[in-house]
Amino acid sequence: MKIAEIFYSVQGEGTLVGVPSVFVRTSGCNLRCVWCDTPYTSWSPEGDERSIQSIIEQVDQYSAEHVVVTGGEPMIAPGIEELTRRLKGHITIETAGTVDADVRCDLMSISPKLANSTPRERENGRWAAQHDRLRYRPAVLRSLLRRYAYQLKFVIADSADLDEVRNILGEIGANRSRVILMPEGTDALTLSERGRWLIEICKQQGFRFSPRLHVDLWGKRRGV
């Protein structure tokens, strides 16, 4: 399994924001988000081939109660089912919800990618077409929601994105109380500016707001 990094930090977003966790970041992704905050796992995958045993041993060194398996897209990683069954403690899987797998998971943290994530076709023609074709898989989402405790996280760049969010929620039958909106941005200033108006939308429409603590504190290269 190709692993970009394993590190101990705090969860940066969602219902468990701030919880100390060990992060296992797989390398490789089937999408190419234009604003990806971990391009070293997608656009230019980095990392080392690791045995599952070596991953388990490194995670166990931290004695943490929470483990976050993230990426990239961890659900496409070879051996992901075995890895999640051998990891101890509370497991969160961070996924875009485009691929299904029979994993062990205490919280399926799903971030469906909206149209705002698609790269510009002129600059990234092949990836733009693949990304747009794969980014939303309603049948996969419904399967994950049916089988796991979940949260749905949406990255919002513009208020117009809310129409797409509402359409997705209606199509997949998601519980609105498990929906989290987060501002798009790869730096603290952008997150602050977008976060202020997004909080007002959450207040008006009853969604939960989440900061993106990892981006706010460390920028692109650390966190979820």
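Remember, predicted model here, so these are calculated numbers, not experimental data. (Residues numbered from 1 in each chain as written. Predicted model: local features only at pLDDT ≥ 70, side-chain atom pairs only at ≥ 80, totals over all residues. Heavy atoms only, no water.)

### Comments concerning the overall build of the protein chain
In step 1: The helix and strand inventory of the protein chain stands at seven helices and nine strands.
In step 2: Taking 17 Å as the expected radius of gyration for a compact globule of 224 residues, we find that the protein chain reaches 17 Å, a close match to that expectation.
In step 3: Reported as C-alpha extents along the three principal axes, the dimensions of the protein chain are approximately 45 × 35 × 35 Å.
In step 4: Across the protein chain, the fraction of contacts at a sequence separation of at least 24, relative to all contacts at a separation of at least 6, is 67%. (Helix = DSSP H or I, 4+ residues; strand = E, 2+ residues; numbered from the N terminus. Rg over C-alpha atoms; globule rule 2.2 N^0.38 Å. Contact = heavy atoms within 4.5 Å.)

### With respect to the packing of aromatic side chains
By convention here, two paired aromatic rings are described through the distance between centres and the angle between planes.
In step 1: As enumerated under the stated definition, the model contains two aromatic pairs in all.
In step 2: Judged by centre distance (5.0 Å) and plane angle (5°), the rings of Phe 7 and Phe 23 are stacked. Of the two residues, Phe 7 sits in strand β1 (residues 2–10) while Phe 23 sits in strand β2 (residues 20–26), which places them 16 residues apart along the sequence. When sorted by exposure, Phe 7 lands in the same class as Phe 23, which is buried.
In step 3: Over the ring of Trp 127 we find Arg 32; its NZ or CZ atom is 3.8 Å from the centre of that ring.
In step 4: Positioned above the aromatic ring of Tyr 150, the side-chain terminus of Arg 178 is 4.6 Å from the ring centre. (Phe/Tyr/Trp six-rings, centres within 6.5 Å; stacked < 30°, edge-to-face > 60°. Buried < 20%, exposed > 50% of the residue type's maximum accessible area, 1.4 Å probe, protein only. Lys NZ or Arg CZ within 6 Å of the ring centre and 35° of its normal.)

### Details of unusual backbone geometry
In step 1: Of the consecutive residues Gly 71 and Gly 72, the connecting peptide bond is found in the cis state with omega at 10°.
In step 2: Its place among the elements puts Gly 72 in the loop between β4 (66–70) and α2 (80–86).
In step 3: Of note, the phi angle at Ser 63 is positive, near 55°, even though the residue is not glycine.
In step 4: Following the sequence through the fold, Ser 63 ends up in the loop between α1 (52–60) and β4.
In step 5: Judged by its relative accessible area of 67%, Ser 63 falls in the exposed class.

### A closer look at the nonpolar core
In step 1: Grouped together as the largest cluster of nonpolar side chains are 45 residues, with contacts concentrated most on Val 103, Met 108, Leu 152, Phe 154 and Leu 181.
In step 2: Sorting elements by how many residues they give to this core places helix α5 (residues 161–172) first, with five residues.
In step 3: Sequence-distant contacts of Val 103, that is, excluding residues within four places in its chain, are made with Met 75, Ile 80, Glu 81, Thr 84, Arg 85, Ile 93, Met 108 and Tyr 148.
In step 4: Listed in part, the six residues of the second largest apolar core include Cys 33, Cys 36, Val 155 and Met 182. (Core = buried A, V, L, I, M, F, W, Y, C linked by side-chain atoms within 4.5 Å.)

### Some points on the pairing of strand β8 (residues 179–183)
In step 1: Counting buried residues in β8 gives five out of five residues, a clear majority hidden from the surface.
In step 2: Residues Val 179, Leu 181 and Pro 183 of β8 are buried on one face, and the alternating residues Ile 180 and Met 182, pointing to the opposite face, are buried as well.
In step 3: Of the strand pairs in this sheet, strand β7 (residues 150–156) and β8 are connected by five bridges, and their pairing is parallel. By the bridge assignment, Lys 153 is partnered in β8 with Ile 180.
In step 4: What joins β7 to β8 is α5, and the crossover it makes is right-handed. (Pairing = 2+ DSSP bridges. Right-handed = clockwise from strand over helix to strand, strands pointing away.)

### Thoughts on the sheet that holds β4
Pairing between the strands of a sheet is mediated by backbone hydrogen bonds and can be parallel or antiparallel.
In step 1: The nine strands lie next to each other as β3-β1-β2-β4-β5-β6-β7-β8-β9, forming an open sheet whose pairing is mixed. Of all the strands in the sheet, the pair left with one neighbour each is β3 (48–49) and β9 (208–209).
In step 2: Contacts between α1 and the sheet are confined to β1, β2 and β4, with β1 contributing the most and set at about 15° to the helix.
In step 3: Sitting on the sheet, helix α6 (residues 188–205) is in contact with β7, β8 and β9, with an inclination near 150° to β8. (Axes fitted to C-alpha atoms, helices over the stretch in contact; angles between N-to-C directions.)

### With respect to the pattern of salt bridges
In step 1: If you walk through the whole model with that rule in mind, you get 15 salt bridges.
In step 2: With a shortest N-O distance of 2.8 Å, Arg 25 and Glu 5 are connected by a salt bridge. Placement of the pair is Arg 25 in strand β2 and Glu 5 in strand β1, with a sequence separation of 20 residues.
In step 3: Between Arg 166 and Asp 163 there is a salt bridge, with its nearest N and O atoms 2.6 Å apart. Of this pair, Arg 166 and Asp 163 are both found in helix α5, three residues apart, which corresponds to roughly one turn of the helix.
In step 4: Its relative accessible area of 34% is what places Arg 166 among the partly exposed residues.
In step 5: Assessed through its relative accessible area of 45%, Asp 163 is described here as partly exposed.
In step 6: Each of Glu 13, Asp 37, Glu 94, Lys 153 and Arg 212 takes part in salt bridges that share partners, so that together they form one network. (Salt bridge = Lys/Arg side-chain N within 4 Å of Asp/Glu carboxyl O.)

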